[in-house]
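Here's the letter readout for the chains.
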Amino acid sequence: MEEYPEELRTPPVALISLVGCSDHHPAISGHLHSLQPPMNVLALPDFSKIQAVLTKKAKEPGAGDPPSGILKRDWLLKHRTRVPAVVAAMFSSAHVSGDPAQWLQVCTELENLKAAARPRNIKLVVIVVQSSSADDINEDRMIALRKRADVDSKYLVIYTPSDASELKQSLNRLANVFVELANTYYRDEGRRMKTRVEKKSFSSIELNIRYCFKVAVYAEFRRDWVEALRFYEEAYRILREMIGTSTRLPPIQRLVEIKHVAEQLHFKVSTLLLHGGKIIEAVTWFRQHNASYKRLVGAPEAIYLHWEWMSRQFLVFAELLETSSATTQTISSVTADNPDRGLTEWEFRPAYYFQLAAHYLKKKRSSLDIALSMLVNANEIDGGAESVAPSTFVGQFARLLEQGEALSFQPIDDEEYIHYALTEGKRFQDSYEIIALFNRSYESYSNLRVQRMGSTCGLEIAKEYFLVGDFTTAKQFFDNFAHLYRQEGWVILLWEALGYSRECSKKMGAVKNFVESSLEMASLPVSSDYIQSLGFKECGPAGPPSLPERESIHKEILELVSGELGVRSLEETNDLNVTEGNPLHLEIDLVSPLRSVLLASVAFHEQTVKPGASTLMTLSLLSQLPLTTEIDQLEVQFNQSEYNFTITNAERPHSTSKITSGTQNHRVETAASLSLVTNKWLRLTYEIKSEQSGKLECISVIAKLGPHFTIFCRAESPASMDGLPLWKFEDRVETYPTKDPALAITGQKVIQVEEAEPLVDLNLGDSGAALVGESFMVPVNIAARGHDIYSGELKINLVDVKGGGLFSTRETEPSTMDGHHVELLSVAGAEWEDESQKEAEKINNIQQSFGLVSIPFLKIGDTWSCKLEIKWYRPKPVMLYVSLGYSPHGNELNAQKIHVHKSLQIEGQNPVLISHRFLLPFRRDPLLLSKMKAVSENNQFTSLPLNETSILILSAKNCTEVPLQVESLYVEVDEDCVATSCLIKPGSEDLAHSGLLVPGEEFRKVFMVIPQVNSSTLGMGTVCLRWRRHPGSGVQVSCIQEDSVLTRHKLPDVNVELAPLTITLECPPYGILGDPFTYFIKIHNQTQLLQEVKFSLADSQSFVLSGSHNGTTYVLPKSEHILSYKLVPLVSGPLQLPKVTLTSVRYSAGYQPSVNASTIFVYPSKPHLKVADQREGRTESVAAK
Amino acid sequence: MIVCVAVVGHQNNPLYIQSFTEADDALKLHHIVHCSLDVIDERVNNPKKSGPLLNETFLGLLYPTENYKVYGYLTNTKVKFILVTTDLDVKDADVRNFFRRFHAAYGDAVSNPFHVPGKKITSRTFAESVSTIVKAFGLSSAG
């Protein structure tokens, strides 16, 4: 596209001419340039020049003759730079209104200008430059000026540059005038041409095309794209019809001209379509263009001109598509909308056109080469073609003759033209052009992630580099793109790429690359049957892919590596050879394409082996090379180098040289034959004697094929071996790498050498469940049964059974030991007493859940034991792992260690469950206001009355399965709540009984609580229970520490408040049938207020009662009111006292005694209670307190 | 005239490729078939583009090259059939018909108990039937 002149590439730009007052030209032209669309300015300083510019050249005398060309080459340029649409004459106001001489000059200049502009129909504008706004212009003169200029009053513009705002105004005014007049001019011109087309007033078809073209260009000037498009298409159509009929020029040049014009017209049409966003139309248009000119090859000697032209069409269209923004946005919708048009996705992509442009350029090159080779004497032609140049018409060439000053064109005949074109063609480096085109296509495809098309382009690039002799770059490209073909199994395409790559390596003298490519080619799955029609030439340097070709490549390599023959490369100095000074080493790993050359699979026959025992290992080799390959020597390498061994070929006894220099005590095996037959496993089985425990892995196999050629091949396990990527699609016999098919499926190249059987006993004493808080002892016993123990180490590990850590990081769980729930405290050794100073060293490392202890030397028969002290902070089951590592032989430093493992699950349990209960004294009820309110609320706190005695009952239940001995139970008041806030006294000093708690039994103790502070959250302190395991409980004695354990339980906070009223019911402890007793109801007012209390007493069938049934009474502040009733029981047994209901008016709170509190036992007669007397008394005292 | 037919497997590996030209352009046909896989990928990965052609085995014209037209067909088992023809004016119905017969022949070939799925098709019978179908296509489009 760049080779087109600018006036063709860009839409036409209107041209304005400014004459006179040159000082103001830059400002005006700057403004016009910045317009949208811009305008060009032809600035002329004075009026004398304008005539020369505007004068129309005289028409050629024979105007009636058919013209000698279709389009003039410079017509577009002429309208861009020389023929203005509007001429603006600028006069300064001083001159206009100046003295008569100046006025006369103005008039003359104006007349001249008019005379020059009129024949061309150019529009005229008069600008009067007013140097300052103060200047007044003579009105008469202005009118006179306008009349003289013969212009409409609006085309007489006053230009005021002095003031910024006025300047802007003037410029805008000017611009409007110019745009309007330019449009008129181009419309008039266009209309003139159009009438000629419509009236068919033209003498020849060439003129018809030219007029159409002009109409279209004028329409473009006016931005009338629709009309422009219509006339371009019309011109194109007429031109296409002209091909068969025109006889004006010699045939070759005639076609060349038509194609050139067609190219221009096509370019214009495509540009207009694409800029209008009509991408489908543009592509369809291009397709038609391509179809109608593709076959117009022309004369055989000029055929390359056609290909060049075709290539240019594609290139230009590709570039147009690329620059058109519409392309990328709408492409998907476009294809979706038009499934039936037969357009495919790729036709909307520039890459497609670049690729074809390159393709046609290749065609051009090859036909140019043929044309050049047909020339007898090229130099002679060069001389003749010198003076040929493009002539006045588009697509025409003529001889340039110098006749004195003047230049004139002389038509040339076809032969001359061909010579000229050939010399032009020779000047271009087509290869680089082709590479550039393919590259653009390739990049475009890569951006779209279209690999395969991209790689086809890449391959073409590589071939071009190959042709121009840039082998390094070419090889790089070939190798890159071979990868894709290899991946997808396109063997033929891979063969082609490898063939080129191989040739490049050969030319570059790169032996390794050459051998690699050759071996890969030789091992490709190419069979001869389906390549029947691949021509030799097409396949590049490698020839057609076939079995004989593979064999010959293989043979060549065999000869090369055996040193018999060096392959000659192009440069004599770069002979390819493999010699002592130039050895060759190839590496084949798990992803190498050379795996089909040599595949090594190693399988141990067993998965594990005891130390010292021997096992079998099978080494299998497979090659897909077409000829049988003889291996001289194989070296098998292991991860432990002392196992490495070498296999030599018995048939070649002379070649026993070492592959790797090094250890002398190398194991050497001899195999009867080491020949690799195509697609047949070579299986070799050897015995391996294991020595050390651990992992033994076969790493690699090194095959030596000639005196200086080795292949390093990574060993693969048959179980995890992938098939050969290219061969897996082939229909071939597949065999197992080992004789035993099961081994072929499960075989591994790794074997585990086990450690020796331990002959030491490790025992963990089972001591049942552990209790939270105590130091739990687990005895560990080690008995050396059959081994001495040297440098023994005991590893101890505590692991949570449920898998979670033993560790709690939660803030809500306060714990003393960094959140550890279970902790290994220490290891106490039984045998260490004698050497206590060493103890610190022996306990190497004790952490919360991990311990490491060294064991002293033990002879056979010795025992050793220790105790692990573990403490639980939370009830949690724990797994205890103990492992002993030792070496049975003391003298060897790096001797193998033997390990014994033991584990034990230990439950952690809570020893006791502590609970508490608050009680109020019997038959005494304070009115607690918070209790009334808290009916609906979820009040956690227990409420206690202030200054009243409440009773706290603490109980501890043994939840274990062993009896516990309780030593003491007391309440520890928190430090922050001083003793004055609350008084807690034990109800009795000593324990009720011995304190032995059998499993499930509960221990209780009673305390009296007198709160002394009115607080809603009063801390009650902590219950402390001191206990230990009961010593009488059997086997555990040995492992339980004698110390008692303190279990703490925090009491919840209580709510203390002052009770305004307290009600006490008083009656004797029992009644006797028929014996009257007094029933007191005492209401104690603790407030400073008068309390009104309503009371009522219900009748009871069991009693006869005296006293008021109901009423209201007033209780004075800080005083007590007593209601008393006399009751006579009528029946015996437990009886309900008459029901009392009290209501405090102030608090609107009612009170009813509970059933318990209002029950009395009535004896039939007076009882004799001597034995129970003491206990009765105590109960009374408690109640009294 | 049909110049090349191909069967391409799941991994875009060629299972069967046969050209029917006298000229030395078999390799070029290989390239064309290989490149057309890009178009199939694109069509399969962006099914909305094909709109009403969803669930349709016939993929239509894949792409026009300089002198050839390439048509594609995708079986339910994601095996691709590719047809390269030099006829520039081909009726879709003819191509569909061709592919239907080709698919049947392919089905017969892979139903052979000795054929391993995923491997190249080496059956001679298949080659013969393909060549019959190809010849028949030439006749029908000519007539």
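Structure first, text after, so check above.
Residues numbered from 1 in each chain as written. Chains lettered and ligands numbered in written order. Predicted model: local features only at pLDDT ≥ 70, side-chain atom pairs only at ≥ 80, totals over all residues. Heavy atoms only, no water.

## Quick look at the overall build of chain B
So, step 1. The secondary structure content of chain B amounts to four helices and five strands.
So, step 2. Helices (α) and strands (β) of chain B occur, in sequence order from the N terminus, as β-β-α-α-β-β-β-α-α.
So, step 3. Every one of the 143 residues in chain B was classed for burial, and the buried ones make up 54%.
So, step 4. Intrachain contacts of chain B at a sequence separation of at least 6 include 55% that bridge at least 24 residues. (Helix = DSSP H or I, 4+ residues; strand = E, 2+ residues; numbered from the N terminus. Buried < 20%, exposed > 50% of the residue type's maximum accessible area, 1.4 Å probe, protein only. Contact = heavy atoms within 4.5 Å.)

## Remarks on the pairing of strand E3 (residues 86-92) of chain A
Residue and element names in this part refer to chain A.
So, step 1. For E3, the buried fraction is high: seven of the seven residues fall into the buried class.
So, step 2. Going residue by residue along E3, you find Val86, Ala88, Met90 and Ser92 tucked away on one face and Val87, Ala89 and Phe91 tucked away on the opposite face as well.
So, step 3. Of the strand pairs in this sheet, strand E1 (residues 14-19) and E3 are connected by four bridges, and their pairing is parallel. Residue pairing for E3: Ser17 is matched across the bridge by Val87.
So, step 4. Across seven bridges, E3 lies against strand E4 (residues 123-129) in parallel orientation. Of the residues in E4, the one forming a bridge with Val86 is Lys123. (Pairing = 2+ DSSP bridges.)

## Overview of the packing of helix H19 (residues 451-468) of chain A against helix H21 (residues 491-508) of chain A
Helix-helix packing is described using two parameters, namely the angle between the two axes and the distance between the axes.
All names here are of chain A.
So, step 1. Two elements in contact, H19 and H21, have axes whose closest approach is 11 Å; the angle formed by their N-to-C orientations is 30 degrees. With respect to H21, the element H19 is oriented roughly parallel. Handedness of the H19/H21 crossing: left-handed. Seen from H19, the contacting residues are Leu459, Lys463 and Phe466; seen from H21, they are Glu496, Ala497, Tyr500, Glu503, Cys504 and Lys507.
So, step 2. Looking at the contact of H19 with H21, its residues break down into five nonpolar, no polar and four charged. (Axes fitted to C-alpha atoms, helices over the stretch in contact; angles between N-to-C directions. Parallel < 35°, antiparallel > 145°, perpendicular 65-115°, else oblique. Left-handed = near helix turned anticlockwise from the far one by under 90°. Nonpolar A, V, L, I, M, F, W, Y, C, P; charged D, E, K, R; others polar.)

## With respect to unusual backbone geometry
Backbone geometry follows two general trends: most residues other than glycine have a negative phi, and most peptide bonds adopt the trans configuration.
So, step 1. Unlike most non-glycine residues, Ser1148(A) shows phi in positive territory, near 40 degrees.
So, step 2. You can call Ser1148(A) exposed: its relative accessible area is 62%.
So, step 3. Unlike most non-glycine residues, Asn12(B) shows phi in positive territory, near 60 degrees.
So, step 4. By relative accessible area, which is 9% here, Asn12(B) ends up buried.

## What to know about helix H6 (residues 100-117) of chain A
All names here are of chain A.
So, step 1. End to end, H6 covers 25 Å across 18 residues, agreeing with the expected 26 Å (1.5 Å per residue, within 8%).
So, step 2. Trp103, Val106, Cys107, Glu109, Leu110, Leu113, Lys114, Ala116 and Ala117 are the residues of H6 that are buried.
So, step 3. Structurally, H6 contributes buried residues whose contacts are with E1, helix H3 (47-54), E3, helix H5 (93-96), E4 and helix H7 (139-149). (Expected span 1.5 Å × (residues − 1).)

## A look at the packing of helix H13 (residues 303-323) of chain A against helix H15 (residues 350-374) of chain A
Residues and elements named next belong to chain A.
So, step 1. The contact between H13 and H15 brings their axes to 8 Å, and the two run at 165 degrees. When the axis of H13 is compared with that of H15, the two are roughly antiparallel. Read as a crossing pair, H13 and H15 show a hand that is left-handed.
So, step 2. Split by residue class, the contact of H13 with H15 holds 18 nonpolar, two polar and five charged.

## Points about the side chain of His30(B)
So, step 1. Along the chain, His30(B) turns up in helix H1 (residues 26-45).
So, step 2. Once you skip the residues sitting within four places of it in the chain, His30(B) turns out to touch Trp490(A), Ile492(A), Leu493(A) and Ile17(B).

## Some words on H1(B)
So, step 1. End to end, H1(B) covers 29 Å across 20 residues, agreeing with the expected 28 Å (1.5 Å per residue, within 8%).
So, step 2. Burial analysis of H1(B) places 16 of its 20 residues in the buried class, which makes it a mostly covered element.

## Things to note about the sheet that holds strand E34 (residues 924-926) of chain A
All names here are of chain A.
So, step 1. Ordered in space as E34-E44-E46-E50-E48, the five strands form an open sheet in which the pairing is antiparallel. Each edge of the sheet is formed by a strand with only one pairing partner; in this case those strands are E34 and strand E48 (1103-1106). Direction aside, neighbouring strands of the sheet carry axes that sit 20 degrees apart on average.
So, step 2. Across six bridges, strand E44 (residues 1061-1066) lies against strand E46 (residues 1077-1085) in antiparallel orientation. If you follow Leu1061 over to E46, its bridge partner there is Asn1085.

## Examining the packing of aromatic side chains
For any two aromatic rings, the description comes down to two numbers: the centre-to-centre distance and the angle of the planes.
So, step 1. All chains considered together, the criterion is met by 46 aromatic pairs over all chains.
So, step 2. Aromatic side chains Trp307(A) and Tyr360(A) sit 5.7 Å apart centroid to centroid with 20 degrees between the ring planes, which places their arrangement in the stacked category. With a gap of 53 residues between them, Trp307(A) in helix H13 and Tyr360(A) in helix H15 connect regions that are remote in the sequence. For the pair Trp307(A) and Tyr360(A), one class covers both residues: buried.
So, step 3. Arranged with centres 6.2 Å apart and planes meeting at 85 degrees, the rings of Phe1077(A) and Phe1103(A) form a pair that is edge-to-face. Placement of Phe1077(A) in strand E46 and of Phe1103(A) in strand E48 is noted, with a sequence separation of 26 residues between them.
So, step 4. Each residue in the set Tyr16(B), Phe58(B), Tyr71(B), Tyr73(B), Phe81(B), Phe98(B), Phe99(B), Phe102(B), Tyr106(B), Phe126(B) and Phe137(B) is aromatic and connected to the rest through ring pairs, giving one cluster.
So, step 5. Here the basic side chain of Arg240(A) rests over the ring of Tyr293(A), its NZ or CZ set 5.4 Å away from the ring centre. (Phe/Tyr/Trp six-rings, centres within 6.5 Å; stacked < 30°, edge-to-face > 60°. Lys NZ or Arg CZ within 6 Å of the ring centre and 35° of its normal.)

## Here we look at the interface of chain B and chain A
So, step 1. On the chain A side, the residues contacting the 39 residues of chain B number 45 residues.
So, step 2. Together, the buried faces of chain B and chain A total about 3,700 Å²; carbon and sulfur atoms form 54% of this surface.
So, step 3. The largest contributions to the chain B side of the interface with chain A come from Leu27(B), His34(B) and Glu66(B), which together make up 19% of the buried area.
So, step 4. Applying the counting rule to chain B against chain A returns three salt bridges.
So, step 5. The residue Arg452(A) makes a salt bridge to Asp38(B) at a minimum N-O spacing of 3.0 Å. (Buried area = accessible area lost by both parts, 1.4 Å probe. Salt bridge = Lys/Arg side-chain N within 4 Å of Asp/Glu carboxyl O.)

## Regarding the sheet that holds strand E54 (residues 1159-1163) of chain A
Residue and element names in this part refer to chain A.
So, step 1. Read from one edge to the other, the open sheet built from three strands follows the order E45-E54-E51, with strand pairing classed as mixed. Two strands close off the open sheet at either side, each with one partner strand: strand E45 (1070-1072) and strand E51 (1133-1136). Across the sheet, the axes of successive neighbouring strands diverge by a mean angle of 40 degrees, strand direction being ignored.
So, step 2. Here E51 pairs with E54 via four bridges, running antiparallel. Residue pairing for E54: Leu1135 is matched across the bridge by Ile1160.

## Observations regarding the side chain of Thr646(A)
So, step 1. Within the secondary structure layout, Thr646(A) lies in strand E15 (residues 645-649).
So, step 2. Aside from chain neighbours lying at most four places away, what touches Thr646(A) is Gln633(A), Leu634(A), Glu635(A), His666(A), Arg667(A), Val668(A) and Glu669(A).

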